[in-house]
Amino acid sequence: MPALSRRRRQEDAPYWPGFVDAMAQLLLVITFLLSVFMIAQFLLAREITGQDSALGQLRSQIAELTQLLNLEKAAKADAEAQLLSLTDDLNSEKAKNAGLMADLQAENEKGQSAGSIVSALQTSLDAEKKISSDALAKVELLNQQISAMRRQLSQLNALLDAAEERNKASEAQVADLGKRLNMALAQKVQELSKYRSEFFGRLRQILSQRSDILVVGDRFVFQAEVLFPKASADLNEAGKVEMLKLADALRQLEREIPEDIAWVLRVDGHTDADPIQSPIFQSNWELSSARAITVVKFLIAQGVQPKHLVAAGFGEYQPLVEGASEDAKAENRRIELKLTDR
């Protein structure tokens, strides 16, 4: 029995190192992924922080400029208030001076006995004059400060006017560019309309002998039976003949239309509303798309540039006529061609 246990341990032992190595490698992979995730988060956070910092600095500068303007306005209001106060004081002093001069004259008339009074009044007058001179000096200083603030306000207004002029010029340029762009687009649309008319006129002339090919608005409509067998996306021989005519007209159109006009021929596939019974296609969507793609591939094989072709499948959801009759179904099974812009 002990010999059997030792042999069993010897048989189980080789699996543990492989399991430990696998777990260690899995742990290393998880650690590496976490490191990459943390580095990406750090770089993203640093980028966002830098943008927030720049935005905060810009807002701070705007707030400082606003605060400085408010301080200038407050200082101007204080200076004007001080000027009014000093003006009132000066007027009061002038009134006092006038009163003192009247008193002085009265004292002079009283005679030499009032000399001491006159001297005292003269001293008082000199003091008042000194006060008036100080007041005038303060008024002059305030006037200078007001002038400096007015110059600063004029500079700020000039900067604002210049900014408004630049903004108006930019708006005028944008409006002019928009107008020129609209004119260019209108010109391109007119050129494309001209080529579309020539193209449809040429196709109408080429396909005029076919009664099963209709012109509906700005589209040529091929009945599906002209091009494809029932429930199939492979062109029949008659369909190849018609598509060769179309390819020849498209190649000539590519030579005539300038390269700067973006145009495409859209090939639309349509089916009737009957459920499809085909081992290849699961729905009418797939059949209509496959038929449109087949036409596009055939035209490309005949030398038409792929950038001028678009294939689209509409299934049974865009009927040409309403109704469930066989004639209505036949009209709805169709391939439509439309020349349009890209």
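Let me sum up the structure you'll find in this document.

Criteria and cut-off values
Residues numbered from 1 in each chain as written. Predicted model: local features only at pLDDT ≥ 70, side-chain atom pairs only at ≥ 80, totals over all residues. Heavy atoms only, no water. Helix = DSSP H or I, 4+ residues; strand = E, 2+ residues; numbered from the N terminus. Buried < 20%, exposed > 50% of the residue type's maximum accessible area, 1.4 Å probe, protein only. Contact = heavy atoms within 4.5 Å. Areas by Shrake-Rupley, 256 points an atom, 1.4 Å probe, with all protein chains shown as cover. Axes fitted to C-alpha atoms, helices over the stretch in contact; angles between N-to-C directions. Parallel < 35°, antiparallel > 145°, perpendicular 65-115°, else oblique. Left-handed = near helix turned anticlockwise from the far one by under 90°. Lys, Arg positive; Asp, Glu negative; His and termini not counted. Salt bridge = Lys/Arg side-chain N within 4 Å of Asp/Glu carboxyl O. Polar contact = N/O pair within 3.5 Å; in protein donor to acceptor, adjacent residues only side chain to side chain. Pairing = 2+ DSSP bridges. Expected span 1.5 Å × (residues − 1). Right-handed = clockwise from strand over helix to strand, strands pointing away. Patch = residues over 30% accessible without salt bridge, like charges linked within 9 Å, V, L, I, M, F, W, Y side chains within 5 Å. Core = buried A, V, L, I, M, F, W, Y, C linked by side-chain atoms within 4.5 Å.

## Observations concerning the overall build of the protein chain
Counting secondary structure elements, the protein chain contains seven helices and five strands. Sequence-ordered secondary structure for the protein chain, helices as α and strands as β, is α-α-α-β-β-α-α-β-α-β-α-β. Each of the 342 residues in the protein chain was classed as buried or not, and the buried ones make up 25%. Taking the intrachain contacts of the protein chain between residues at least 6 apart in sequence as the baseline, contacts between residues at least 24 apart amount to 71%. Just so you have it, the protein chain exposes about 23100 Å², and 59% of that area is on carbon and sulfur atoms.

## So, the environment of Phe228
Within the fold, Phe228 resides in the loop between helix H4 (224–227) and helix H5 (237–256). The contact partners of Phe228, leaving out residues within four places of it in the chain, are Ala233, Asp234, Leu235, Asn236, Arg291, Thr294, Val295 and Ile335.

## Concerning the packing of H5 against helix H6 (residues 284–301)
At a minimum axis separation of 9 Å, H5 and H6 run at an interaxial angle of 60°. The pairing of H5 with H6 is recorded here as oblique in orientation. You can see that H5 and H6 cross each other, and the crossing is right-handed. Side by side, H5 and H6 meet where Lys240, Met243, Leu244, Leu246, Ala247 and Leu250 of the first sit next to Val295, Phe298 and Leu299 of the second.

## Here we look at the side chain of Arg291
With respect to the element layout, Arg291 can be found in helix H6. Glu225 is the oppositely charged side chain nearest to the buried, salt-bridge-free Arg291, at an N-O distance of 6.6 Å. Of the polar contacts made by the side chain of Arg291, one reaches the backbone oxygen of Pro229; its length is 3.2 Å. Setting aside residues up to four positions removed in sequence, Arg291 forms contacts with Ala224, Phe228, Pro229, Lys230, Ala231, Ser232, Ala233 and Ile335.

## A few points about the pairing of strand E5 (residues 334–341)
A large share of E5 lies buried, amounting to six of its eight residues. Alignment of strand E2 (residues 219–223) against E5, held across five bridges, turns out to be antiparallel. Residue pairing across strands places Phe220 opposite Leu337, the latter belonging to E5. Alignment of strand E3 (residues 263–270) against E5, held across eight bridges, turns out to be antiparallel. Residue Gly269 lies in a different strand from E5, and its bridge partner there is Ile335.

## Digging into the pattern of salt bridges
Summed over the entire model, instances satisfying the criterion amount to eleven salt bridges. The salt bridge partner of Arg266 is Asp268, with a shortest N-O separation of 2.8 Å. Residue class for Arg266 comes out partly exposed when judged on its relative accessible area of 29%. For Lys329, the salt bridge is made with Asp274, and the minimal N-O distance between the two is 3.0 Å. In this pair, Lys329 is assigned in helix H7 (residues 326–332) and Asp274 in the loop between E3 and H6, connecting sequence segments 55 residues apart. Judged by relative accessible area, Asp274 falls into the partly exposed class, the value being 31%.

## Observations concerning H6
With 18 residues, H6 extends 26 Å from end C-alpha to end C-alpha; this agrees with the ideal 26 Å at 1.5 Å per step. Tucked into the core, H6 has its buried residues touching H4, H5, E3, strand E4 (309–313) and E5. Directly beyond the C-terminal end of H6, a positive phi value near 105° is found at Gly303.

## A short note on unusual backbone geometry
In this model, Ala231 sits at a positive phi of 60°, which is unusual for a non-glycine residue. With a relative accessible area of 29%, Ala231 lands in the partly exposed category.

## Concerning the pairing of E4
Looking down a regular strand, the side chains alternate between one sheet face and the other. Two elements, E3 and E4, share five bridges in a ladder whose sense is parallel. Following the sheet pairing, Arg266 is matched in E4 by Val310. With H6 bridging E3 and its parallel neighbour E4, the resulting β-α-β unit is right-handed.

## Remarks on a nonpolar patch on the surface
Residues Phe19, Val20, Met23, Leu26, Ile30 and Leu34 make up a contiguous nonpolar surface patch of about 570 Å² in total accessible area. Summarising the element assignment, Met23 is placed in helix H2 (residues 15–110).

## Concerning the nonpolar core
One finds Leu227, Met243, Leu250, Leu265, Leu299 and Leu337 to be the most contacted residues of the largest nonpolar core, which totals 26 residues. Where this core is concerned, the elements lending two or more residues are E2, H4, H5, E3, H6 and E5. Core analysis: the second largest hydrophobic core is formed by six residues, Ala79, Leu86, Val139 and Leu142 among them.

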